[in-house]
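# Structural overview for review
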Amino acid sequence: MLAIAVGVNEEVWFRGIALAVLRPHGVRVAIAGTSVLFGILHLANLLAGESMAVAGLQLAFALLFGVVAAQLVVRTGSLWPAIAWHTAWDLLNFAGGNSTSPLALSGIGVCCVLLLVYALVLWRGIDRFEGAVA
C-alpha cells in the first residue's frame, strides 16, 4: 500500500501540479524544474543517515526519473504511466528491503545510465508538445 500511496502522491504533486504550474514558462522549463525539485527533495535521505555517495546516487536517479516521467506525462497527456512506473519501482525497491548493497547500488547506477539515454531520446521532439495541455 505504501508503494501505491507514494507513487500516486508524488506523481500528482510533481508531474501533475508542479508541471502544470511551470508549464506556462515552457515545456522544457517545466520538465527540468519539476525534475530538479523532485531530485533535491530526495536528498532528505541524508537526514536518515545515508552516506553522501548513496544520497548522490539517489539524487541522480530521482532527477533522471523525474525527467523521463515528466516527458511521459507531457507526451501522453496522462499521469497514469508515471504513477504505474513509480509505484512499480517503489514496490520492487521496498520488496528488496531498500538495500544499499554494492549490487543494489550498481543496479541503480545502470538504471541511471538507461534513464539518461531514454531521457535524451524523449527530449528530442519535445518542442512539438509546447502548446499542448496535459
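Each remark here, short or long, concerns the structure printed above.
This report concerns the structure included in the present document.

Parameters at a glance
Throughout, residues of each chain are indexed from 1 in the direction in which the sequence is written. Selection of residues for local features in this predicted model requires a pLDDT of at least 70, selection of side-chain atom pairs for listing and counting requires 80 or more, and totals for whole chains, interfaces and linings are taken over all residues. As a rule here, side-chain values cover all heavy atoms of the structure and leave hydrogens and water aside. Helix numbering and strand numbering both begin at the N terminus, where a helix is a DSSP run of H or I of at least 4 residues and a strand a DSSP run of E of at least 2. The classification of residues rests on relative accessible area computed with a 1.4 Å probe and restricted to protein chains. Under 20% of the type maximum is buried, over 50% is exposed, and intermediate values are partly exposed. By the convention used here, residues are in contact when the closest approach between their heavy atoms is within 4.5 Å. Throughout, the Shrake-Rupley method with a 1.4 Å probe supplies accessible areas, and for residues the shown protein chains are the sole cover considered. Buried Ala, Val, Leu, Ile, Met, Phe, Trp, Tyr and Cys residues form a nonpolar core when they are joined through side-chain atoms within 4.5 Å. A cavity, in this analysis, means grid points on a 1 Å lattice covering only the protein atoms where a 1.4 Å probe fits yet has no way out; a pocket is instead an open set bounded by protein on both sides within 12 Å along at least five of seven lines, and a residue lines either one if it has an atom within 4 Å of a point. Grid points are joined across faces, edges and corners, and a volume is the space filled by probe spheres set on the points. All residues other than Ala, Val, Leu, Ile, Met, Phe, Trp, Tyr, Cys, Pro, Asp, Glu, Lys and Arg, Gly among them, are scored as polar; the first ten of these are nonpolar and the last four charged. Any Lys or Arg side-chain nitrogen found within 4 Å of a carboxyl oxygen on Asp or Glu counts as a salt bridge.

## Brief notes about the overall build of the protein chain
Within the protein chain one finds five helices and zero strands. Sequence-ordered secondary structure for the protein chain, helices as α and strands as β, is α-α-α-α-α. Going through the 134 residues of the protein chain one by one, you find that 34% of them count as buried. Nonlocal contacts in the protein chain, meaning residues at least 24 apart in sequence, comprise 76% of its contacts between residues at least 6 apart. Summing over all exposed atoms, the protein chain offers an accessible surface of approximately 7400 Å²; the carbon and sulfur share of this is 75%.

## Considering the nonpolar core
One broad rule of soluble globular proteins: the nonpolar side chains tend to lie buried together. Leu 19, Ile 31 and Val 74 are the most contacted members of the largest nonpolar core, which totals 25 residues. Residue assignment for this core shows that the elements contributing at least two residues are helix H1 (2–22), helix H2 (27–41), helix H3 (52–76) and helix H5 (102–123). It is H3 that provides the largest number of residues to this core, a total of 11 residues. Apart from the residues lying within four places of it in its own chain, the contact partners of Val 74 are Leu 19, Arg 23, Val 27, Ile 31, Ile 126 and Phe 129.

## Some remarks on the layout of surface pockets
Volume-wise, the largest pocket comes out at about 630 Å³. What lines the largest pocket is a set of 25 residues, among which His 42, Asn 45, Gln 58, Asp 90 and Asn 93 lie closest to the centre. Elements with a contribution of two residues or more to the lining of the largest pocket: H1, H2, H3, helix H4 (80–95) and H5. For the lining of the largest pocket, the residue count by class is 14 nonpolar, eight polar and three charged.

## Some points on the pattern of salt bridges
Under the definition given, this model contains two salt bridges. One salt bridge connects Glu 11 with Arg 15, and the closest N-O pair in it is separated by 2.7 Å. Highlighted residues: Glu 11 and Arg 15, both in helix H1, separated by four residues, approximately one helical turn. Across the pair Asp 127 and Arg 28 runs a salt bridge whose closest N-O atoms are separated by 2.7 Å. Remark: Arg 28 occurs in helix H2 and Asp 127 occurs in the segment after H5; sequence separation between them is 99 residues.

## Some thoughts on the environment of Leu 64
Relative to the helices and strands, Leu 64 resides in helix H3. With a relative accessible area of 15%, Leu 64 lands in the buried category. What Leu 64 contacts, discounting residues up to four positions off in sequence, is Cys 112, Leu 115 and Leu 116.

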